[in-house]
Amino acid sequence: MRRFTLPTNAFSKKVENHAAAIALHTMYYNFVRIHQTLRVTPATAAGVSDKLWEVSDIVAMLEQWELANFKPEYQFVVRQYAIGKGHSITVMWRGGEVDTIFGFEKEADALEWVKTKSQAWLLETKKAAN
């Protein structure tokens, strides 16, 4: 593979990109490409797979994996005060930070705020952080 040769346009500058390219090549080589001496793919010959894969099957598998492992940047949680009346909204960020917005009388008010005003609050919060 030309990925291993430095002065080419296919050379990987990041280790992550290099590992991904090698993984894709290995997957194609073992599951998609029919080898001349075996007359089947190596995965089929070894009994790992019982079907002939196509590149679209690899793409579909990767998309399913990405969907299963997707983590949103933030998550809103509506909570009732432990003491007194009212509700708050806790914003849990992917990095572990937590923001809390207080002052909602009813749970419905907090949920309405999430639906209508949360996007503007998120933009304002991101601008303030930068």
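Residues take numbers from 1 onward in each chain, read along the sequence in its written order. Totals for whole chains, interfaces and linings use all residues, but because this is a predicted model, local features are given only for residues with pLDDT of at least 70 and pairs of side-chain atoms are given and counted only at 80 or more. Side-chain metrics rest on all non-hydrogen atoms present in the structure, leaving aside hydrogens and water.

> Please explain the packing of aromatic side chains as it appears in this structure.
The relative placement of two aromatic rings is captured by the distance of their centres and the angle of their planes. What counts as a ring pair is set by centres within 6.5 Å for rings of Phe, Tyr and Trp (its six-membered ring), and what kind of pair is set by the plane angle: stacked under 30 degrees, edge-to-face over 60, tilted for all other angles. A complete count under the given rule lists 7 aromatic pairs for this structure. An angle of 70° between the planes, with centres 6.1 Å apart, marks the rings of Trp 113 and Trp 121 as edge-to-face. Per-residue accessibility, obtained with a 1.4 Å probe over protein chains only, is compared with the maximum for each type, and a residue is labelled buried under 20%, exposed over 50%, and partly exposed between these values. When its relative accessible area of 12% is taken as the criterion, Trp 113 is described as buried. Three or more aromatic residues joined by ring pairs form one cluster here, namely Tyr 74, Phe 76, Trp 93, Phe 104, Trp 113 and Trp 121. Sitting over the ring of Trp 53, Lys 51 keeps its end group 5.1 Å from the ring centre. Two thresholds decide whether a charge sits over a ring: the Lys NZ or Arg CZ must be within 6 Å of the ring centre and within 35 degrees of the ring normal.

> Teacher, can you tell me more about the pairing of strand S2 (residues 87-93) here?
Each helix corresponds to a stretch of at least 4 residues labelled H or I by DSSP, and each strand to a stretch of at least 2 residues labelled E; elements are numbered beginning at the N terminus. Among the 7 residues of S2, 6 are classified as buried, and the element is accordingly described as predominantly covered. At least two bridges found by DSSP between two strands are what make those strands a pair. Sheet analysis places strand S1 (residues 74-80) next to S2, joined by 7 bridges and oriented antiparallel. Each residue of the ladder has a partner; that of Val 78, found in S2, is Ile 89. The turn joining S2 and strand S3 (residues 98-104), which pair antiparallel and follow one another in sequence, is formed by 4 residues; a positive phi near 105° is taken by Gly 96.

> Got a minute to help me understand the packing of helix H1 (residues 15-32) against helix H3 (residues 55-68) in this structure?
Between two packed helices, both the angle of their axes relative to each other and the distance between the axes serve to describe the pair. Closest axis-to-axis distance for the H1/H3 pair is 10 Å, and the angle between their directions is 130°. Between H1 and H3, the crossing angle belongs to the class labelled oblique. By crossing handedness, the relation of H1 to H3 is classed as right-handed. Residues Leu 24, Met 27, Tyr 28 and Val 32 of H1 form the contact with H3, whose own contacting residues are Val 55, Ile 58, Met 61 and Leu 62. Residues that form the contact of H1 with H3 fall into these classes: 8 nonpolar, no polar and no charged. In this analysis an axis means a line fitted to C-alpha atoms, helices contributing only their contacting stretch, and an angle means the value between N-to-C directions, from 0 to 180 degrees. Should an angle fall under 35 degrees it is called roughly parallel, over 145 degrees roughly antiparallel, and 65 to 115 degrees roughly perpendicular, with every other angle called oblique. Note on convention: near helix rotated counterclockwise from far helix by under a right angle means a left-handed crossing. Clockwise means right-handed. Contacts between residues were defined by any pair of non-hydrogen atoms, one from each residue, lying within 4.5 Å. All amino acids are sorted into three groups, where Ala, Val, Leu, Ile, Met, Phe, Trp, Tyr, Cys and Pro are nonpolar, Asp, Glu, Lys and Arg are charged, and the leftover types, Gly among them, are polar.

> Even after reading the chapter, I still don't get the pattern of salt bridges, so can you show me in this structure?
Pairs may arise between side chains of opposite charge once their charged atoms sit close together. A pairing counts as a salt bridge when a side-chain nitrogen of Lys or Arg comes within 4 Å of a carboxyl oxygen of Asp or Glu. Counted according to the given criterion, the structure contains 1 salt bridge. The salt bridge partner of Lys 51 is Asp 57, with a shortest N-O separation of 3.5 Å.

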